[in-house]
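Survey of secondary and tertiary structure
For reference, the chains in residue letters:
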Amino acid sequence: MTVVFLHGVPETPSVWNDLRGRIDRPTTALRLPGFGSPRPAHLDGKEAYADWLANELRALGEPVDLVGHDWGAHLVMRIVSAYDVPVRSWVSDVAHGWHPDYQWHEAATLFQKTPEGEELLASLRTQTPGSPSFGDFLIPRGMSAELATEVDTVHDEEMSTAILTLYRSAWPNFYTDWGKDFDRPAQVPGLVLIPTGDPMAQPAMDLDMATRIGAQAVELDNLTHYWMLQDPDRGAEVLNRFWDTRPACHPVPMGDAPVKWI
């Protein structure tokens, strides 16, 4: 089975390189349109991106193990809750974004405003000495300096537009419209990763979502948003354990507590 990795915002597939090198099975890392590649005009929001992902997965012609991070994780959760796509298992690290009580972080709320979002992203594209870039803000959350440089290199107006398009289509949160399709156990085995060292972590909401959708849960203590960069060995161990011991393809009954690894 192929493992398909999907990055988040504002990232590139390189976020998975270290982890993929530790996975002893076929893998591929997809690139979100607009993040270092052209973005077709019809990709005008989160549902259009989910459609794009569904088509990419169907083109592979076989069931896959899906692993998503950040916005990639949201798209993965949409696929397994609302699309007829051959998926054997899925992994997400920001399930709290689907919780009914979730509120977007400060940067996201700025992206969702006009003209504040345009102005903020334009300022992050500025390469003047002393001016902070996207990478500068992401390094404290665990992004490597190497990847931060790559993000800054590919961050152009196309990426800025893609970011605004995604965030503005997800107001006030994912539960508002997508949640109705995932307020029940998933039909394939899932794993919710919870990097507790992330300053934006919402462990209680993550665990609650895992219970709602019948997924397992793993707390990645002391790791942040970029857990796959901070400790790829541990990340690979957790994923391999999930794939090797995953249950048969039927959901956990609603209300049962998720299997929790520490």
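Summary of the structure given here.

1. Overview of the overall build of the protein chain
- Across its full length, the protein chain holds 11 helices and 7 strands.
- In terms of overall dimensions, the protein chain is globule-like: its C-alpha atoms have a radius of gyration of 17 Å, near the 18 Å expected for 262 residues.
- A principal-axis box enclosing the C-alpha atoms of the protein chain has dimensions of 55 × 35 × 35 Å.
- Within the protein chain, the fraction of its 262 residues that count as buried is 54%.
- For the protein chain, the share of sequence-separated contacts (at least 6 apart) that also reach a separation of at least 24 residues comes to 75%.
- Entry remark: accessible area of the protein chain is about 10800 Å², with carbon and sulfur atoms responsible for 50%.
- Within the protein chain, one finds 20 positive and 37 negative side-chain charges whose respective centroids are separated by 4 Å.

2. Regarding the packing of aromatic side chains
- Enumeration over the complete set of coordinates arrives at 15 aromatic pairs.
- Here Trp71 and Trp104 contribute two aromatic rings whose centre-to-centre distance is 6.4 Å and whose plane-to-plane angle is 10°, an arrangement assigned as stacked. A residue pair is termed long-range when its members are at least 10 positions apart, and Trp71 in helix H3 (residues 71-82) and Trp104 in the loop between strand E4 (87-92) and helix H4 (106-111) qualify at 33 residues. With respect to burial, Trp71 and Trp104 carry one shared label: buried.
- Their ring planes at 75° and their centres at 5.5 Å tell us that Tyr102 and Trp104 sit as a pair that is edge-to-face.
- The class of Tyr102 is buried, set by a relative accessible area of 10%.
- Chaining the aromatic ring pairs together yields one cluster made of Trp71, Trp90, Trp98, Tyr102, Trp104, Phe111, Phe134, Tyr167, Phe174, Trp178 and Phe182.

3. Here we look at the pairing of strand E3 (residues 64-68)
- The buried count for E3 comes to 5 of 5 residues, which makes it a mostly enclosed element.
- Residues of E3 alternate between two faces, with Val64, Leu66 and Gly68 on one and Asp65 and Val67 on the opposite face, all of them buried.
- Where strand E1 (residues 2-6) lies against E3, 5 bridges are found, and the strand directions are parallel. Residue pairing across strands places Leu6 opposite Gly68, the latter belonging to E3.
- Relative to E4, E3 is paired through 5 bridges, and the arrangement is parallel. Bridge pairing links Val64 to Val87 in E4.
- The handedness of the E3 to E4 crossover, carried by H3, is right-handed.

4. Considerations on unusual backbone geometry
- A cis amide bond, omega 0°, links Val9 with the succeeding residue Pro10.
- Topologically, Pro10 is positioned in the loop between E1 and helix H1 (17-20).
- With omega at 5°, the peptide bond leading from Thr114 into Pro115 counts as cis.
- Note on placement: Pro115 falls in the loop between H4 and helix H5 (116-125).
- Despite not being glycine, Asp70 shows a phi value in the positive range, around 60°.
- Its place among the elements puts Asp70 in the loop between E3 and H3.
- Non-glycine residue Asn222 carries a positive phi angle of around 70°.
- By the secondary structure assignment, Asn222 is in the loop between strand E6 (216-220) and helix H10 (227-230).
- Accessibility expressed as a relative area gives 69% for Asn222, which makes it exposed.

So, how was this worked out
Residues numbered from 1 in each chain as written. Predicted model: local features only at pLDDT ≥ 70, side-chain atom pairs only at ≥ 80, totals over all residues. Heavy atoms only, no water. Helix = DSSP H or I, 4+ residues; strand = E, 2+ residues; numbered from the N terminus. Rg over C-alpha atoms; globule rule 2.2 N^0.38 Å. Buried < 20%, exposed > 50% of the residue type's maximum accessible area, 1.4 Å probe, protein only. Contact = heavy atoms within 4.5 Å. Areas by Shrake-Rupley, 256 points an atom, 1.4 Å probe, with all protein chains shown as cover. Lys, Arg positive; Asp, Glu negative; His and termini not counted. Charge placed at Lys NZ, Arg CZ, Asp CG, Glu CD. Phe/Tyr/Trp six-rings, centres within 6.5 Å; stacked < 30°, edge-to-face > 60°. Pairing = 2+ DSSP bridges. Right-handed = clockwise from strand over helix to strand, strands pointing away.

Honestly, it's all geometry; don't read function into it.
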